[in-house]
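# Architecture at a glance
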Amino acid sequence: MDAVERHRSRYTPEELKRLPPGQVITQKWPVLSAGPNPLIDLAAWRFRIFGAVAAEWSVSWEEFRALPRVSIKTDMHCVTRWSRLGMTWEGVSIHEVLGRAKPLPETRFVLAHSYGGYTTNLPLADLLDDEVLLADTADGAPLTPDHGGPMRLVAPKLYAWKSAKWCNALELMPSDRRGFWENYGYHDHGDPWTEERHSGD
Ligand SMILES: Nc1nc2c(c(=O)[nH]1)N[C@H]1C(S)=C(S)[C@@H](COP(=O)(O)O)O[C@H]1N2
Ligand SMILES: [Mo]
């Protein structure tokens, strides 16, 4: 048995069906950050939606916490080849917030911005997936600073670099603009099932 076969033999067919090509299941939750954790003061924290909108919208931490909440059980796939299955995220559905900014009809793409300066781009259609949320809780506990606390974007159907930690804004755009890793050669879209790992693939 080679290493891949040995790894796969530890998991059920149901679990393996959820594992995209070229990925390995991890039990622990790795931390992947391009820089240090930004210092975030909850009293000054804001999240806003701006750009191609009719009514720029923003919330304080208190207002964010008072929004209607959802819980989603899903898998996380990092382009560095680990996948973590069956994570539970809680927070606010993207559908709950996006309409409040009255997106202009020409909106096609979204750039997520984070405290610390990280950015990542997604097509609006992918952001509007039912599993996408603004999460402040993971596996039943408040999101830790290492994992993007107090709040991060979770877009689980794309590679996890699209799930911006410490998210503080969504910029709606009529045309595409690449984010941090996308500018360093990661794929513009990032679908793990078709291994959209690098641009030019
Ligand atoms: N703001 C910010 N968000 C980020 C990153 C980052 O460096 N900064 N890394 C991305 C990458 S590459 C991955 S795999 C996931 C990792 O999330 P985790 O550290 O909670 O596992 O966060 C993504 N979101
Ligand atoms: Mo990643």
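Below, the structure is looked at part by part. What you see is a predicted model, and the numbers here were worked out from it, not measured in a lab. (Residues numbered from 1 in each chain as written. Chains lettered and ligands numbered in written order. Predicted model: local features only at pLDDT ≥ 70, side-chain atom pairs only at ≥ 80, totals over all residues. Heavy atoms only, no water.)

## Let's talk about the pairing of strand 5 (residues 82-93)
- For strand 5, the buried fraction is high: 9 of the 12 residues fall into the buried class.
- Pairing between strand 1 (residues 24-25) and strand 5: 2 bridges, direction parallel. Within strand 5, the residue paired with Ile25 across the bridge is Ser83.
- Strand direction decides the pairing type here: strand 4 (residues 70-77) and strand 5, joined by 7 bridges, are antiparallel. (Buried < 20%, exposed > 50% of the residue type's maximum accessible area, 1.4 Å probe, protein only. Helix = DSSP H or I, 4+ residues; strand = E, 2+ residues; numbered from the N terminus. Pairing = 2+ DSSP bridges.)

## As for the sheet that holds strand 7 (residues 119-123)
- In space, the 5 strands of this open sheet follow the order 3-2-11-6-7, with mixed pairing throughout. The open sheet is flanked by strand 3 (57-60) and strand 7, the only strands paired with a single partner. When the angles between neighbouring strand axes are averaged without regard to direction, this sheet yields 15°.
- Bridge count between strand 6 (residues 109-114) and strand 11 (residues 167-173): 6 bridges; the pairing is antiparallel. Each residue of the ladder has a partner; that of Val110, found in strand 11, is Leu172. (Axes fitted to C-alpha atoms, helices over the stretch in contact; angles between N-to-C directions.)

## Considering the site of ligand 1
- Ligand 1 sits among 19 residues. The nearest are Pro30, Ala34, His147, Arg152 and Lys165.
- At a separation of 2.9 Å, an oxygen atom of ligand 1 approaches a polar side-chain atom of Trp29.
- Within the side chain of Ser114, a nitrogen or oxygen atom sits 3.5 Å from a nitrogen atom of ligand 1.
- Here ligand 1 loses 97% of its free accessible area of 530 Å² to cover by the protein chains. (Near = heavy atom within 4 Å. Polar contact = N/O pair within 3.5 Å; in protein donor to acceptor, adjacent residues only side chain to side chain. Areas by Shrake-Rupley, 256 points an atom, 1.4 Å probe, with all protein chains shown as cover.)

## Topic: the nonpolar core
- Counting 35 residues, the largest nonpolar core has Phe47, Ile49, Phe64, Leu127, Leu153 and Leu170 as its most contacted members.
- Those elements that provide at least two residues to this core are strand 2 (46-51), strand 3, helix 3 (61-65), helix 4 (94-98), strand 6, helix 5 (124-127) and strand 11.
- In this structure, Ile72, Met76, Met87 and Ala135 belong to the second largest nonpolar core, which totals 13 residues. (Core = buried A, V, L, I, M, F, W, Y, C linked by side-chain atoms within 4.5 Å.)

## Section: the pairing of strand 2
- Bridge count for strand 2 against strand 3 is 4 bridges, and the pairing is antiparallel. Bridging across to strand 3, Phe47 finds its partner in Val59.
- Between strand 2 and strand 3, which pair antiparallel and follow one another directly, the connecting turn spans 5 residues.
- Examined bridge by bridge, strand 2 and strand 11 share 4 bridges and lie parallel to one another. Each bridged residue has a counterpart across the sheet, and for Gly51 the counterpart in strand 11 is Leu172.

## Let's talk about the packing of aromatic side chains
- A complete count under the given rule lists 11 aromatic pairs for this structure.
- Between Trp45 and Trp61 the ring centres are 5.0 Å apart and the planes differ by 85°, which places this aromatic pair in the edge-to-face class. In this pair, Trp45 sits in the loop between strand 1 and strand 2 while Trp61 sits in helix 3, placing the two residues 16 residues apart along the sequence. Comparing Trp45 with Trp61 shows no difference in burial state: the two are buried.
- Following the ring pairs from residue to residue traces out a cluster consisting of Tyr118, Tyr159, Trp161, Phe180, Trp181, Tyr184 and Tyr186. (Phe/Tyr/Trp six-rings, centres within 6.5 Å; stacked < 30°, edge-to-face > 60°.)

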